[in-house]
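Residue-level listing of the chains:
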Amino acid sequence: MTGSSDYTPPKIWTWNKANGGAFANINRPIAGPTHDKELPVGRHPLQLYSLGTPNGVKVTIMLEELLALGHKGAEYDAWLIEIGKGDQFGSGFVAVNPNSKIPALLDRSGSQPIRVFESGSILFYLAEKFGEFLPKDAATRAECMSWLFWQMGSAPYLGGGFGHFYAYAPTKIEYAIDRFAMEVKRQLDVLDRRLGEVEYLAGSDYTIADMAVWPWYGGLARGWQYGAAEFLQVEDYKNVQRWAETIFQRPAVQRGRMVNRTSGEPSSQLRERHDASDFETRTQDKLEAAS
């Protein structure tokens, strides 16, 4: 076993900014805004303030799927929130999400704006609003909601646990990596067993449960998360691989992955989305070529 073994927690914890690893500049032990900054507002009913992380991608996939079904009320403006620069601590963003995490949604389609925060809550809100991707049958609906909440409870072990200690922590701690790798592999096995029984998580139909789980665990299965595919032997989870590929082939999913993305091939980055035509005209490669 390697890693620090001589640390004794103090009687009272104090914040040491230097110990935060890759995200030390944005993590802090208090809430609330750090600066005044109003959020921009576009012309569409739905205003999304986000970033192309797995949590952000859940919502842009949902919106693109709704638009693909012809729901014009799902038109949206997607504004980039650069968490590395602290945009999530601006007063306008905190007013929409007091937890200062992306994504955050403002529904301006009614007489009064409605704020919705937490990615699972946004998926559920949109599913109810538009009557899509949420089963009507009580048993199947319960299954869908169970897997949605499974994701919300499990992903912190993948991202904040395994991902942090494997990829981002300032030192490699064997105990921490082993502990969270074991849990992530257990979660992959949970998914693999379920997907050996059914086509999608709630049963035969694609739902918000799949939209929630896929950006995290589908992304892990496809080798996109933390450079850890070989380490976790993700190819062993054949049912997860089948499901991940099936969902990846959906055109709305491919569009949703592009929105608010700031890394990867410039042609795959649509940093802000304000119109369906932006996918053809305003990807980062085209903006850079025009500048």
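Residues numbered from 1 in each chain as written. Predicted model: local features only at pLDDT ≥ 70, side-chain atom pairs only at ≥ 80, totals over all residues. Heavy atoms only, no water.

Student: Tell me about the overall build of the protein chain, and please be specific about residues and values.
Tutor: Secondary structure assignment for the protein chain yields eleven helices and four strands. The C-alpha radius of gyration computed for the protein chain amounts to 20 Å, which stays within 12% of the reference 19 Å derived for 291 residues, consistent with globular compactness. With the principal axes as the frame, the protein chain shows a C-alpha extent of 60 × 50 × 45 Å. The 291 residues of the protein chain split such that 47% are buried. Within the protein chain, counting contacts between residues at least 6 apart in sequence, those at least 24 apart form 64% of the total. Averaging the coordinates of the 31 positive side-chain charges in the protein chain and doing the same for the 35 negative ones gives two points 4 Å apart. (Helix = DSSP H or I, 4+ residues; strand = E, 2+ residues; numbered from the N terminus. Rg over C-alpha atoms; globule rule 2.2 N^0.38 Å. Buried < 20%, exposed > 50% of the residue type's maximum accessible area, 1.4 Å probe, protein only. Contact = heavy atoms within 4.5 Å. Lys, Arg positive; Asp, Glu negative; His and termini not counted. Charge placed at Lys NZ, Arg CZ, Asp CG, Glu CD.)

Student: Talk me through the sheet that holds strand β2 (residues 76-80); I want residue IDs and the actual numbers.
Tutor: With respect to topology, four strands assemble into an open sheet ordered β2-β1-β3-β4, the strand pairing being mixed. Strand pairing shows two members of the sheet lacking a second neighbour, β2 and β4 (114-117), which therefore form its edges. In this sheet, neighbouring strand axes are inclined to one another by 20 degrees on average, regardless of whether the strands run parallel or antiparallel. As defined by bridge partners, strand β1 (residues 46-50) adjoins β2 across five bridges and the pair is classed as parallel. Directly across from Tyr49, in β2, lies its bridge partner Trp79. The strands that helix α1 (residues 54-68) touches are β1 and β2; relative to β1, the one it contacts most, it runs at about 155 degrees. Sheet contacts for helix α3 (residues 119-130): β1, β3 (104-107) and β4; angle to β4, the most-contacted strand, approximately 130 degrees. (Pairing = 2+ DSSP bridges. Axes fitted to C-alpha atoms, helices over the stretch in contact; angles between N-to-C directions.)

Student: Which residues make up the packing of aromatic side chains, and what values do they have?
Tutor: As enumerated under the stated definition, the model contains 13 aromatic pairs in all. Taking 4.9 Å as the distance between ring centres and 15 degrees as the angle between the ring planes, the aromatic pair formed by Phe162 and Tyr166 counts as stacked. With a gap of four residues between them, Phe162 and Tyr166 both fall in helix α4 (residues 138-168), about one helical turn apart. A relative accessible area of 1% places Phe162 in the buried class. In this structure Tyr166 comes out as partly exposed when scored by relative accessible area, which is 21%. Arranged with centres 6.4 Å apart and planes meeting at 75 degrees, the rings of Phe162 and Tyr226 form a pair that is edge-to-face. With Phe162 in helix α4 and Tyr226 in the loop between α6 (208-221) and α7 (229-232), the pair connects residues that are 64 residues apart, well separated along the chain. As far as burial versus exposure is concerned, Phe162 and Tyr226 are alike and both buried. Three or more aromatic residues link up through ring pairs in this structure, and these residues are Phe162, Tyr166, Tyr168, Tyr226 and Phe231. Of note, Arg28 hangs over the ring of Phe89, and the distance from its end group to the ring centre comes to 4.3 Å. (Phe/Tyr/Trp six-rings, centres within 6.5 Å; stacked < 30°, edge-to-face > 60°. Lys NZ or Arg CZ within 6 Å of the ring centre and 35° of its normal.)

Student: With reference to specific residues and values, describe the packing of α1 against α3.
Tutor: At a minimum axis distance of 9 Å, the contact between α1 and α3 shows a crossing angle of 10 degrees. One finds that α1 runs roughly parallel with respect to α3. Taking contact as the criterion, the partners of Asn55, Lys58, Val59, Met62, Leu63 and Leu66 in α1 are, on α3, Ser119, Ile122, Leu123, Leu126, Ala127 and Phe130. Taken together, the residues that form the contact of α1 with α3 break down as nine nonpolar, two polar and one charged. (Parallel < 35°, antiparallel > 145°, perpendicular 65-115°, else oblique. Nonpolar A, V, L, I, M, F, W, Y, C, P; charged D, E, K, R; others polar.)

Student: Which residues make up the side chain of Arg261, and what values go with them?
Tutor: With respect to the element layout, Arg261 can be found in the loop between α9 (251-258) and α10 (278-281). No salt bridge is formed by the buried Arg261; the nearest opposite charge belongs to Glu265, separated by 8.5 Å. Here Ser263 takes part through its backbone oxygen, which lies 3.1 Å from a polar atom of the side chain of Arg261. Once you skip the residues sitting within four places of it in the chain, Arg261 turns out to touch Gly52, Ser268, Gln269, Leu270 and Arg271. (Salt bridge = Lys/Arg side-chain N within 4 Å of Asp/Glu carboxyl O. Polar contact = N/O pair within 3.5 Å; in protein donor to acceptor, adjacent residues only side chain to side chain.)

Student: For the nonpolar core, give the residues involved together with the corresponding values.
Tutor: Ranked by size, the top nonpolar core spans 64 residues in total, and within it Met62, Leu126, Phe162, Ile208 and Trp243 carry the most contacts. Here the element with the most residues in this core is α6; it accounts for ten residues. Not counting the four nearest positions on each side in its chain, Ile208 is found in contact with Met62, Leu123, Phe124, Ala127, Phe133, Leu134, Cys144 and Leu148. If you look at the next biggest cluster of nonpolar residues, it comprises eleven residues, including Leu80, Phe93, Val96 and Ala104. (Core = buried A, V, L, I, M, F, W, Y, C linked by side-chain atoms within 4.5 Å.)

Keep in mind these numbers describe shape, not what the thing actually does.
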